[in-house]
Amino acid sequence: MGEFVIENRIWNPEMETMPVEDIKKLQLKKLKETVAHAANVPFYRNEFAKRKITPESIKSLDDLARLPFTTKEEMRSGYPFGLFAVPPSQLIRIHASSGTTGKPTIVGYTKKDLALWAELCSRFLVAGGLTPNQITQVAFGYGLFTGGFGLHYGIENVGAAVVPASSGNTKRQITLMHDLNVETLICTPSYALNIAEVIEEMGLKGKLALKYAHFGGEQWTEDMRIAVESALNIHAFNNYGLSEIIGPGVAGECAARNGMHIQEDCFIFECINPDTLEPVPEGEEGELVITALGKEACPVIRYRTRDLARLYRMKCPCGRTGMLMSRVKGRTDDMLIIRGVNIFPSQVEEALLRIDGVAPHYLIELYRPNNLDEAVLKVEMTPQSFSDKMEAMIKLKERITREVSTVTGIHFKIELVAPNSLERSLGKAKHVNDMRNLKVE
Ligand code: DLL
């Protein structure tokens, strides 16, 4: 996108621009309170007892290292209310993570938790240009997923109007956007791509008032940002969060896009080597570990997110002082090991989106005939490249094979497929179909 200027507004200047030294003092005070409150959860109570941890024994932020990690397994084994610090009577909302790989994780919110959540979402929305006069469409699913409701209350809190369209019913979604002059779109980046295509099919390209988008909920690359921004003629901002911690609102970009500002008054981030569990040096990639401060229903200490990213501090022109996180490169559990080589789907996306004639839709399929991994990459062509001569298509295929293998170190069998033939996403996109462990009868 060309030059753009958004007014630098800060929703909560006191918290968002607090000097780093003061943030650290606040974090320490809140960490002690969190430890005291988490002792209401049997899992934490037992772990604290084993490690002789009391709130008074937390003397500095370095003591965080003495606290136990919390993993997805603990969350699951506590199903449904085992990790709650308040009785169900104090809850006013319950959400759940998708549970694609097992039982869902249930998370709850008290009245105070919901107010905090709305505040945190307001912060990143305003950082990315939301003003009270923008009509804003939420195309995240409303339901157990935290995306829809989380953003909804953040927008209302700012005073902007929400169109709670939810995900799906894409044509109606677009008609609403068009008729109501919606300026801001909120969804996953992959659903935004889907919306962009349907806008074109409906003959509405260039006829919408859309200007801004806040995307999150799934991994996406910088090249994907360029693709969606040009397809929708918008400025798109990245925001990060996860149900176990609160939902969206954990970190988000400002107009300078130097990374996502972490809301450090409410979260302590660590970045560790997932194998040794030791901290990695600042700026190096590792697994994010998050401690949530000040939550009532579900206090979470040192949650191992499985998300791989970098943490760093820099002086941002927006004035926010919170530590920054990079884009998420992938999840430790998304990593594919193909013939012994580790790759992330984001590397494939990065290579593909730099090639002309390729649409931003792809699917990695993995098979294991005769005990040997075989990797197929289905790549959608653009209508333009699809109408090209055979010779041009062969060249395109060769180029994709070369670029993807340079980036990943793996030889993928490339299948060029027709425009619009891969399944479109309504929420989080699925880029991998791993059939290696399927038994063939
Ligand atoms: O996806 C919460 C959310 C909703 C965040 C809407 C932002 C916007 P879960 O369903 O629990 O919660 O999934 C959390 O999604 O651990 C990451 O792997 C991934 N994720 C979320 N935001 C981003 C992002 C919501 N901006 C999991 N970039 C996380 C990359 C993201 N991955």
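Think of each chain on its own: its residues are numbered from 1, step by step along the sequence as written. Restriction of local features to residues with pLDDT of at least 70 applies here, the model being predicted, together with a cutoff of 80 or more for giving and counting side-chain atom pairs; totals for whole chains, interfaces and linings are based on all residues. The side-chain values count all of the structure's non-hydrogen atoms but skip hydrogen atoms and water molecules.

As for helix α3 (residues 42-50)
Throughout this description, buried means an accessible area under 20% of the type-specific maximum (1.4 Å probe, protein chains only), exposed means over 50%, and partly exposed covers the range between. Comment: elements are numbered from the N terminus, with helices defined as DSSP H or I runs of at least four residues and strands as E runs of at least two. Looking at α3, one finds that the buried residues are Phe-43, Tyr-44, Glu-47 and Phe-48. For α3, the buried positions fall inside an angular range of 125° around the axis, keeping them on one side. Those residues of α3 that are exposed and aimed more than 90 degrees away from the buried face are Ala-49 and Lys-50. Just downstream of α3 lies Lys-52, where phi reads positive at about 55°. It is the directions from the helix axis to the C-beta atoms whose arc is reported.

Comments concerning the domain arrangement of the protein
An automatic or database domain assignment provides the domain bounds reported here. For the protein, the domain assignment lists domain 1 (1-333) and domain 2 (336-434). Averaged C-alpha coordinates put domain 1 and domain 2 at centres separated by 30 Å. Residues count as neighbours in contact if any of their non-hydrogen atoms are within 4.5 Å of one another. Across the boundary between the two partners, domain 1 contributes 23 residues, which contact 15 residues of domain 2. Salt bridge, as used here, is a side-chain nitrogen of Lys or Arg placed within 4 Å of a carboxyl oxygen of Asp or Glu. At the junction of domain 1 with domain 2, the criterion picks out two salt bridges. Arg-424 is paired through a salt bridge with Glu-197; the nearest N and O atoms lie 2.6 Å apart. Whenever two N or O atoms come within 3.5 Å, that pair is a polar contact, provided that in protein one can donate a hydrogen and the other can accept it, and provided that, for residues adjacent in sequence, both atoms are side-chain atoms. Linking domain 1 with domain 2 are twelve residue pairs in polar contact (both at pLDDT 80 or more).

Regarding helix α12 (residues 390-408)
One fewer than the residue count of a helix, multiplied by 1.5 Å, yields its expected span. Its 19 residues place the ends of α12 27 Å apart at the C-alpha level, agreeing with the 27 Å of an ideal helix rising 1.5 Å per residue. Along α12, the residues that are buried comprise Met-393, Leu-396, Ile-400, Val-404 and Thr-408. Each buried residue of α12 lies within a common arc of 70° when the element is viewed along its axis, so the set occupies one face. Opposite the buried face of α12, by more than 90 degrees, sit the exposed residues Glu-391, Lys-395, Arg-402 and Thr-406. Contact partners of the buried residues in α12: β16 (341-343), α10 (345-352), β17 (358-367), β18 (374-381), α11 (383-386) and β19 (413-417). In the segment just after α12, Gly-409 is the residue with positive phi, at about 75°.

Considerations on the pattern of salt bridges
Any two side chains of opposite charge can pair, given that their charged atoms come close. One pass over the structure, following the stated rule, counts 32 salt bridges. Across the salt bridge formed by Asp-63 and Arg-66, the nearest N and O atoms sit 3.5 Å from each other. For Arg-66, a relative accessible area of 30% gives the class partly exposed. Glu-380 is the salt-bridge partner of Arg-424, the closest N and O atoms lying 2.8 Å from each other. Of this pair, Arg-424 sits in the loop between β19 and β20 (432-434) while Glu-380 sits in strand β18; the two residues are 44 residues apart in sequence, bridging distant segments of the chain. In this structure, Arg-424 and Glu-380 share a single accessibility class: buried. In the salt-bridge network here, residues are joined through shared partners; they are Glu-73, Arg-306, Asp-307, Arg-331 and Asp-333.

Here's the deal with the site of the ligand
To be near a molecule or strand, a residue needs just one of its heavy atoms within 4 Å of it. Around the ligand, the structure places 20 residues, and the nearest of them are Asn-238, Asn-239, Ser-243, Asp-307 and Lys-428. A distance of 2.4 Å is found between an oxygen atom of the ligand and a side-chain nitrogen or oxygen belonging to Ser-243. Side-chain polar atom of Arg-331 to an oxygen atom of the ligand: 3.0 Å apart, as the coordinates give it. If you tally residues by element for the shell around the ligand, the top one is strand β7 (residues 235-242), at five residues. Grouping the constituent residues of the shell around the ligand by class yields six nonpolar, nine polar and five charged. Under the scheme applied, nonpolar residues are Ala, Val, Leu, Ile, Met, Phe, Trp, Tyr, Cys and Pro; charged residues are Asp, Glu, Lys and Arg; polar residues are all the others, including Gly.

With respect to the state of the cysteines
Any covalent bond linking the sulfur atoms of two cysteines counts as a disulfide. Criterion for a disulfide: a pair of cysteine sulfur atoms at a distance within 2.5 Å. Inspection of the entire model under this criterion finds zero disulfides. The thiol sulfur of Cys-266 is not disulfide-bonded, and the nearest other cysteine sulfur, from Cys-121, lies at 11 Å. You can call Cys-266 buried: its relative accessible area is 2%. Cys-318 takes part in no disulfide bond, and the closest cysteine sulfur to it belongs to Cys-316, at a distance of 3.6 Å. Of the residues examined, Cys-318 reaches a relative accessible area of 8% and is grouped as buried.

Looking at unusual backbone geometry
A negative phi holds for most residues other than glycine; trans holds for most peptide bonds. Each neighbour pair has its own omega, and for Tyr-79 with Pro-80 the value is -5°, a cis peptide bond. Positive phi outside glycine occurs at Asn-233, with the angle close to 55°. By relative accessible area, Asn-233 is classed as exposed at 54%. Here Asn-420, not a glycine, exhibits a phi torsion of approximately 65°, which is positive.

So, the pairing of β7
For β7, the tally of buried residues reaches seven of eight residues, placing the bulk of the element in the interior. In short, DSSP must find at least two bridges between two strands for them to pair. For strand β6 (residues 212-216) and β7, the ladder comprises five bridges, and the chain directions are parallel. Note that in β7 the partner of Ala-213 across the bridge is Ala-236. Sheet topology places β7 next to strand β8 (residues 247-253); four bridges connect them, and they run antiparallel. Within β8, the residue paired with Asn-239 across the bridge is Gly-252. Counted between consecutive antiparallel strands, the loop separating β7 from β8 contains four residues.

What to know about the packing of helix α5 (residues 111-127) against helix α6 (residues 146-158)
Axis definition: a line fitted to C-alpha atoms, over the contacting stretch in the case of helices. Angles run 0 to 180 degrees between N-to-C directions. Viewed as axis vectors pointing N to C, α5 and α6 meet at an angle of 75°, and their least axial separation amounts to 7 Å. For the element pair α5 / α6, the angle class is roughly perpendicular. Of the residues in α6, those touching α5 at Trp-117, Ala-118, Glu-119, Cys-121, Ser-122, Phe-124, Leu-125 and Val-126 are Thr-146, Gly-150, Leu-151, Tyr-153, Gly-154, Ile-155, Asn-157 and Val-158. Looking at the contact of α5 with α6, its residues break down into ten nonpolar, five polar and one charged. Roughly parallel covers angles under 35 degrees, roughly antiparallel covers those over 145, roughly perpendicular covers 65 to 115, and oblique covers all other angles.

Description of the packing of helix α8 (residues 189-201) against helix α9 (residues 222-232)
Here α8 crosses α9 at 30°, and the two axes come no closer than 9 Å. For the element pair α8 / α9, the angle class is roughly parallel. Note on packing geometry: the crossing formed by α8 with α9 is left-handed. Mapping the contact onto sequence places Pro-189, Ala-192, Leu-193, Ala-196 and Ile-199 in α8 and Met-224, Val-228, Ala-231 and Leu-232 in α9. In this scheme, a crossing is called left-handed if the near helix is turned counterclockwise away from the far one by less than a right angle; it is called right-handed if the turn is clockwise.

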